[in-house]
Structure formats: structure tokens, C-alpha cells
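Residues per chain, in single letters:
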There are 2 protein chains.
Amino acid sequence: MAQKIPYKIYLSEDELPKQWYNVRADMKTKPAPLLNPGTGKPVTLDELSQIFCTELAKQELDNDTAYIDIPEEILSFYRMYRPSPLTRAYFLEKALDTPAKIYYKFEGNNTSGSHKLNSSIAQAYYAKQQGLKGVTTETGAGQWGTALAMACAYFGLDCKVFMVKCSYEQKPFRREVMRTYGADVTPSPSETTEVGRKILKEFPGTSGSLGCAISEAVECAVTNEGYRYVLGSVLSQVLLHQSIIGLETMTACDKYDIKPDIIIGCAGGGSNLGGLISPFMGRKLRGEADYQFIAVEPASCPSLTRGKYAYDYCDTGKVCPLAKMYTLGSGFIPSPNHAGGLRYHGMSSVLSELYAEGLMEAKSVEQTSVFAAAQQFARIEGTLPAPESSHAIKAAIDEALKCKETGEEKTILFGLTGTGYFDMVAYQKFNDGQMTDYIPTDEDLAKGFAGLPEI
Amino acid sequence: MAQKIPYKIYLSEDELPKQWYNVRADMKTKPAPLLNPGTGKPVTLDELSQIFCTELAKQELDNDTAYIDIPEEILSFYRMYRPSPLTRAYFLEKALDTPAKIYYKFEGNNTSGSHKLNSSIAQAYYAKQQGLKGVTTETGAGQWGTALAMACAYFGLDCKVFMVKCSYEQKPFRREVMRTYGADVTPSPSETTEVGRKILKEFPGTSGSLGCAISEAVECAVTNEGYRYVLGSVLSQVLLHQSIIGLETMTACDKYDIKPDIIIGCAGGGSNLGGLISPFMGRKLRGEADYQFIAVEPASCPSLTRGKYAYDYCDTGKVCPLAKMYTLGSGFIPSPNHAGGLRYHGMSSVLSELYAEGLMEAKSVEQTSVFAAAQQFARIEGTLPAPESSHAIKAAIDEALKCKETGEEKTILFGLTGTGYFDMVAYQKFNDGQMTDYIPTDEDLAKGFAGLPEI
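Residues numbered from 1 in each chain as written. Chains lettered and ligands numbered in written order. Predicted model: local features only at pLDDT ≥ 70, side-chain atom pairs only at ≥ 80, totals over all residues. Heavy atoms only, no water.

Enquirer: Quick rundown of the pattern of salt bridges? Include the residues and the values.
Expert: All names here are of chain A. Per the counting criterion, the structure on display carries 48 salt bridges over all chains. We note a salt bridge from Glu 93 to Arg 88, for which the minimum N-O separation is 2.6 Å. For Glu 93, a relative accessible area of 9% corresponds to the buried category. For Arg 88, a relative accessible area of 9% gives the class buried. Here Asp 254 ties to Arg 283 by a salt bridge, and the two come within 2.7 Å at their closest N and O atoms. Within this pair, whereas Asp 254 is found in helix 11 (residues 236-255), its partner Arg 283 is found in helix 12 (residues 271-285), the two being separated by 29 residues in sequence. A network of salt bridges, in which partner residues are shared, links Arg 82, Lys 105, Glu 107 and Glu 248. (Salt bridge = Lys/Arg side-chain N within 4 Å of Asp/Glu carboxyl O. Buried < 20%, exposed > 50% of the residue type's maximum accessible area, 1.4 Å probe, protein only. Helix = DSSP H or I, 4+ residues; strand = E, 2+ residues; numbered from the N terminus.)

Enquirer: Account for the sheet that holds strand 1 (residues 8-9) of chain B, with residues named and values stated.
Expert: All names here are of chain B. Strand order in the open sheet formed by 7 strands is 1-4-5-15-10-11-14, and the pairing between neighbours is mixed. The open sheet has two edge strands, strand 1 and strand 14 (361-365), and neither has a second partner. Pairing of strand 1 with strand 4 (residues 86-88), which is carried by 2 bridges, proceeds in the antiparallel orientation. The residue bridging Ile 9 from the neighbouring strand is Leu 86, located in strand 4. (Pairing = 2+ DSSP bridges.)

Enquirer: Can you lay out the environment of A:Ile5 for me, pointing to particular residues and giving the numbers?
Expert: Residues and elements named next belong to chain A. Relative to the helices and strands, Ile 5 is located in the segment before strand 1 (8-9). Look at Ile 5 and you get buried, because its relative accessible area is 9%. On a C-alpha basis, the gap between Ile 5 and Asp 257 in space is 9.5 Å, while along the polypeptide they are 252 residues apart.

Enquirer: Before we move on, can you summarise the domain arrangement of chain A with the specific residues and values?
Expert: Residues and elements named next belong to chain A. Along its sequence, chain A is carved into domain 1 (21-70 + 115-229) and domain 2 (82-113 + 235-449). For domain 1 and domain 2, the distance between their C-alpha centres works out to 22 Å. Each partner contributes residues to the interface: domain 1 has 45 residues there, and domain 2 has 45 residues. Between domain 1 and domain 2, roughly 4,000 Å² of surface is buried when both sides are summed, and carbon and sulfur atoms account for 62% of that area. Considering only the side of domain 1, the residues that lose the most area to domain 2 are Tyr 21, His 115 and Asn 118, jointly responsible for 19% of the buried surface there. There are 2 salt bridges connecting domain 1 and domain 2. In this structure, the salt-bridge partner of Asp 26 is Arg 286, at a minimum N-O distance of 2.9 Å. Inspection of the region where domain 1 meets domain 2 yields 16 residue pairs in polar contact (both at pLDDT 80 or more). Among the elements of the structure, helix 1 (45-51), helix 2 (54-61), helix 5 (117-129), helix 6 (143-155), helix 8 (172-180) and helix 10 (210-223) are those that each provide at least two residues to the side of domain 1 that touches domain 2. When residues in the side of domain 1 that touches domain 2 are grouped by element, the largest group, 6 residues, is from helix 5. (Domains from an automatic or database assignment. Contact = heavy atoms within 4.5 Å. Buried area = accessible area lost by both parts, 1.4 Å probe. Polar contact = N/O pair within 3.5 Å; in protein donor to acceptor, adjacent residues only side chain to side chain.)

Enquirer: Lay out the packing of aromatic side chains with the relevant residues and their values.
Expert: Counted according to the given criterion, the structure contains 45 aromatic pairs over all chains. Residues B:Tyr125 and B:Phe155 carry aromatic rings whose centres are separated by 5.9 Å and whose planes lie at 55° to one another, so their mutual orientation is tilted. One end of the pair, B:Tyr125, is in helix 5 (residues 117-129); the other, B:Phe155, is in helix 6 (residues 143-155), and 30 residues separate them in sequence. Comparing B:Tyr125 with B:Phe155, the two get one shared label, buried. Ring-pair connections join several aromatic residues into one group, and the members of that group are A:Tyr7, A:Tyr90, A:Phe91, B:Phe77, B:Tyr78, B:Tyr81, B:Tyr125, B:Tyr126, B:Tyr154 and B:Phe155. Residue placement shows A:Lys324 over the ring face of A:Tyr309; its charged tip is 4.5 Å from the ring centre. (Phe/Tyr/Trp six-rings, centres within 6.5 Å; stacked < 30°, edge-to-face > 60°. Lys NZ or Arg CZ within 6 Å of the ring centre and 35° of its normal.)

Enquirer: Give a description of the relation of the copies chain B and chain A that names residues and reports values.
Expert: Note on the chain copies: they are related by a rotation about an axis and a translation along it. With an RMSD of 0.0 Å, chain B superimposes on chain A once it is rotated by 180° and translated 0.0 Å along the axis. The relationship between the two copies is best expressed as a two-fold rotation axis. For chain B, the residue whose C-alpha comes nearest the rotation axis is B:Asn109, separated from it by 3.1 Å. Most of the interface of chain B is mirrored in chain A, where 100% of its interface residues are also at the interface. (Least-squares fit on C-alpha atoms with pLDDT ≥ 70 in both.)

Enquirer: Quick one: what's the story with the interface of chain B and chain A, residue by residue and with numbers?
Expert: The interface is formed by 42 residues belonging to chain B together with 42 residues belonging to chain A. Both faces considered, chain B and chain A share a buried interface measuring about 4,000 Å² in area, 58% of it formed by carbon and sulfur atoms. Where chain B packs against chain A, one counts 4 salt bridges. For A:Asp432, the salt bridge is made with B:Arg179, and the minimal N-O distance between the two is 2.8 Å. Between the two partners, chain B and chain A, sit 26 residue pairs in polar contact (both at pLDDT 80 or more). Listed by contribution, the elements that provide at least two residues to the side of chain B that touches chain A are helix 3 (72-81), helix 6, helix 8 (172-180), helix 15 (367-381) and helix 17 (424-431) of chain B. Among the elements that make up the side of chain B that touches chain A, the one with the highest residue count is helix 8 of chain B (6 residues). Of the residues assigned to the side of chain B that touches chain A, the class counts are 21 nonpolar, 11 polar and 10 charged. (Nonpolar A, V, L, I, M, F, W, Y, C, P; charged D, E, K, R; others polar.)

Okay, here's the thing in C-alpha cells:
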């Protein structure tokens, strides 16, 4: 007989997974290799180790090892805030009057406010192991920067964050959280790098961009002895670390005999979605079970649903390796009215390949409907979600309402990646009725595609 | 043999307490009764029911019932975010190199960001039961207003919040969280009440005060059919609801054979401290166990350590009943440089009586040392604490360092009431080295005492 499912399933510390799962090992067609932008050939470990920590470069290139031990120091840090709760959305089910059963894996119960901490602590650990002084990165909204600052504080590493200037000015509180954790936060573009000075000279008064911040962070890592560059999404190593989300979820589901029919996650670069679905996808790839996977992206930045599957630059500065992925072109920038995050032009190579093979679906949603779902969820389930996470909420509610129509008792699982405490400017826009939607025209997209490299 | 203590102790849903504990029932000397400000006589249930919901007025006056059933609807809401974790501060112990064992009960894992939700949901429930349309309240920093907005959204009650104007303008994000939960937030003083209009006429351009906001909220409740006024601290009913914190903590301690020697909480109006210590104090009062209780308050608003134990007005507007408590006088306002919260002039009557009888100790701490402790804690334990909670952190660290000196293996337990995500202005001040301390002189205090009523 089925046991009663509590509101929140907390696994015990002993049930915390001791290994990450690398879904690439079970993929028949591996994701296409990263290419050296200079030579056009697959990057070697040596080349990649100039930018990333050696151990992380190894993980990036490892398509074969299915399980990788999580070092004890990382496990110890994970125990601060993991296992994270798998929550049964009893209140939401009731409010929607649906026969569906809804679950969400909540990653917001830590000060970074999101799942990003799962990978930042791993990346900081390997940097420390390698004897580095510190790491550099860029941050837009600040979620990744905060997670990295926390991880670096824990290991006593120097943390240099290049924060897009307009965010630096508009999100002073995110900046202060990073500073409280000891990070050095520089508005980008800055006078501290060559590329920054060049851009400032060319575009005086510019408010910056993610692409420029990446370029500054990479330059800072490469030109400073004892530093490496780290990144919070897109990379295969990040999906590996984020598999902790899916592994815990799977353990909890198995323990309580929960069998998800649909698994939903928001998708920007793919770190959360990839982490959540990885072990379930593994079962599907090995023919042990079947699931419907849905990636949800903003209609204003629709890389999976309207992008091209092609090699592209990962950054606007074109200094990083090329990746084959669903992309809108590295020059694509979402409309300024887009407030909901998930604004990356590309998508994880792993997820791109799974999507190309039809193993995963994708849909896009418009932001006013996303914020309406966020508000509804906040009032009913008590947690104020991050705008990014709310894309998954919107899709989960849609699926639950379909079940109401059909009478199906599907089990819907989604990832609630984080909280929206630092996104109140966007919420205010919604509360004031000032939020608008934007869907790029085919002509808008053509401009982005025009910048794709010929490979 | 002692079992291994996990980093976080999560009780199961079944272990959630089903009754609140009313410490007044075990007190030999009861807290002095509230007085009607008009007659000078103890307030009757009828009089109190004009301001508060009838059931809450009953709880306010009940000095005898030790255990009060928690209605199922409230329990159901509690299960959204409770039981809250009791955390072993392994990382902090190691960093301090102390033989002491440190635990904290963390109440920040919910969107209101603090323990305030424990009482707001109870107060909203009784308002709903009474068939009211809504409730009114005031808020300064916004923690209580947020918790009330969440509770009202859950029960479909109207929620009118008078927010001190300077906070309304300086903390737009707190305001937006309340609005997202459907609350009607008015900057105080406002044109919507008689008292507001009067104050605006007398002091054009004033940035408001808590006292004024209380007066507006009470007027709004009394003059609107179907409304009552609710309050988030100081009252005995609030301590009753907050006893859920202490009851869970005691259950977890008993389960894991943890025997706290020292129990520490920050103290503003006393809601968190009173809730945390209530059941432990009950044991002490019944002679079953002994504990050292420490209330920690800011040196700039030292009601227990430097106040008078006397009848005083609970609000600057002098419309609420008089309470006997440790007080600095209702006219006392902490120095503008005070950023750490806990700025109420008085203290819960229950805690005041326990303190007067020597059953509890109190100490005051200066804010730069509080923020230094907060930063240290954030970096070591991974959670960015609210400034209020950080008073308790500072005192816990001090006790742990004493143990390091003496070699004593004391067990120290403190309340971590909430997170500091909406307090980054204060953190920024600290990060920039701009934070200063202030200790009122005896002359400063004398001015506040001069306003005490003659009773």
C-alpha cells in the first residue's frame, strides 16, 4: 500500500549521494566536442587547462565515466544545505482542483538562493586543490556570483567577480551579499582589463553586457598568476555537479514510490534542468523507464524552440571554445523589456544533443504569464519563486490543468531552482501592471543567426 | 551511547507539536495585567475585543491554560515550512576552536524570512474564524508586514499595512513582496486616517515613526467594519504562538539527548526569545531542569539592561492598553545610526516578569560587533543572518570563546530568527566601514523615563 507522502521529503544525511552522475556516459551519441576557436579542432586537455582548473577540464572532456566520486570536502559543504526538500504541492493541487500529483525539488534554501551553489563549491574546491590563489567569473543578475563568493569564502580563495555595470548599479543588494562574503566585485566594463579599457574607449558610458564581462573575467584569469576562470552554467562539468539535484530527487521518489510521468525544468544555459533530469534520463537511455521531459524557456530568448543546432561562440567576446548547441547566435540579446532571466543565447551541448534526438521536449512561455504563475504559486505554496524558476511553475500548472480536463492522474515533477528576493524590481513591474511581452520576429532572429561561425 | 548528531535535525511532520505552550501557566507570579488607558483598571475581555479578535483577546488574558490546541488549519499551514531545522554549528565550532557544542534553531527558511509567520498565520486564522473582512497592522522594516501578508493571502483576508514612510521609500523590495501577496501597503503618516492627516498638518514632510503607524493601524481597524488590529511581538498571545519554536527545539533535543546549558535569543519585543525559551523555562519553573537564559539586546536600545520595570504605553500614540514591562519610555527612539533592528522601547510583560525574578539574564551588545559576528557566521555557516538574529550569534560566539578559555564543554543553543536578504543597506554600511556605535547617555534615557505614566 502506498505510504502517506509528507509535505516535504527530507532525506537523511546518510542518503546524500556520494557520487555525481555523468549522463554523457549513457548517451549513444555524445555531445559534439568543444572546438578551439583558433584551430577549429577539438580542444585538448592542455588547452582547456589554461582557462579552467585541470580537474574541471578533465570532467569537461569525460564522456565515459558514469559515476564520479564527490570529494569529502564538497560533501561536507553540501551537508550545510543538502539534501534539499522534495515538496508535494498539496496546496497547489487543491487550488487547481486537479487530479494530478505535483512535486517540486526546491533548491532555494541557501543564502545564494539557488542551485548554483552545487557547482560553485565543486569548482572552488578543485581550484583550491590545484593550489590556486583564486578564481574569476562574470555575473549578470548576481546569482552565480553570490554562489561563487560563498564557495570561495569557505575555502579561503580570492574571488573576482565582473558584474555587468547596469546590474552592479541596479542590484546593489546582490553586490553587497557578494562583498559580505569577501568577493571583489568590479562593474564591467572596467579599467582593470585591456578589453575593458578598449570597450570603454569605444563606447564611453556603456552599461555593459554579459559578453563583455566574460571577456574581462577570462582576461583577468589568464593574465594573473594562480587564477582560473569559472562558469556557472552551459558546461558539461556544471551539469555533472548539478546531477546532485536529480540524484536526490530520484532517491526520494524511489523511497516513497513516486513515479514521475513528466519532469519539467526552466532552461537558460541548462544547469538546473540538466542536473534535475540527468539520472532520470539515464534510466530512459538505458531503457529502464520512460519519462516526458520538458525544457521551458522564455519566448523572448527561445534557443531550443527557435534556435539553430550549430557550432557557435559561447561568449560575445569569442575567446572561449566553440560549442555545438541550440543557439540564437552569440550576438543575440533579448529585448530590454525581458525581466525573467534565462537570457543566454545558447544551451548546454548535452541538453542540445538530447533535444536534437527527440529525448526531451521544449516549450516557450511569455513573461507576463510566468509572473502570474509566480504570484499564484507564492500565495498558494508560500514561497516567492525566482523568475527563472517560475517558467517551470507555469509549465507545471499548464500540465496539471490539462490533467483536470482529461481526468488523468499524472505525476508532475518540476525544479524550483530558487527564490526571488533579489528580483523585486521585476515583480514591481508586474504588480504595477507595467510588464509587457515580447516575441522576437524571424527577422530579429536572422540577425543573430547571421553571426554564426562557418564550421 | 550518544548517537551522531547530523548537521541539521529535521523532525518529521508527525513530530510537529499539536499544542502551543503557555508559560504563564507555570509562573508563580503572573505578568502584571494590561490596563485600560482611560480607566487605569485591568482591561476586560470586552474592551480588548474591540481592538483584537475575540479568541486572541482570550489568549492574551489567559494566564492559566498551559497547553492550547493548535487548530488543524494552522497546523496545515505550519507544515509548509515547519518543523524548522535545528542545526549543529559544526563549522563554527571548528572555526572558533571551542570545546563548546553550538546549536541554532533556524526560522528563516520561509519567504517572510523570519519566525514572524508562526504568529501571523494564527492571528489571520482567528480573524477569518470570526468572519472578519481583514486586519490592519503597522510595519517598520517590513518583516512582520510580510509575514502577515502571506498569512492573509492564504486565508483570503484583506491586509492593510501601514509602513513607516522612510522604510516605505528606503525598502521598496519589502513593500513589493507584501504587494505580491496582495497586501495594501500605505506609507505612514497618510491622508487615509484622521491621526495621519493631523500629523501631516503638524509636521509636513515627516518621514514617519512606528508610533504613528501603530496609531493609524489601530484607527483604521476601529473605524472600519469587519477589521481588527494585529501585532507581531510584545503581546502574550504572540509568545504563545511562538512557543512552537521552543517546543520543536525541545523535541529535537530530547530525541538526540542534547542538553543545552545556555539558551540565547535576541530581544526586541520578545517574540522570538519568548517562543524559544518558553518550554525550557517551563521545565525550570517546575524544577525539572535548569538552564541559563540570555536575552541579547542592542546597546542603543537597552530596555532590559538599562530600562525601568514600570507601566508604560505600548505605542507612542498612547491608544493601546498600558503594560508593565521593562521600558525606556514610549517616547524613546534609538539613535538614527542604529541599523540592527530590535528598536522597540519596551519588552514583553512575560519576559519582563521572568527577568525581574532573576530567572533570565540580559546583556547588550554594540552593533559593529554584531555585524562582525554576522559576517563571520555568514562565511562560516553559509547563512546570511538578519541583523536582529546576529545579536544572538554575537552572544553565542562570546560564550563559546569563554568555553575555549575554561575548557568547558558547554552546550550552547541560540535562535537564528531570520535571514538578512532585505537588510543589505545595513550590511553595505558595515562593508564600507561606515558603521558606528552609539550608547545612550543616562541623560538620553532620563528623557524617555520622564514620559512614563504615573501609575
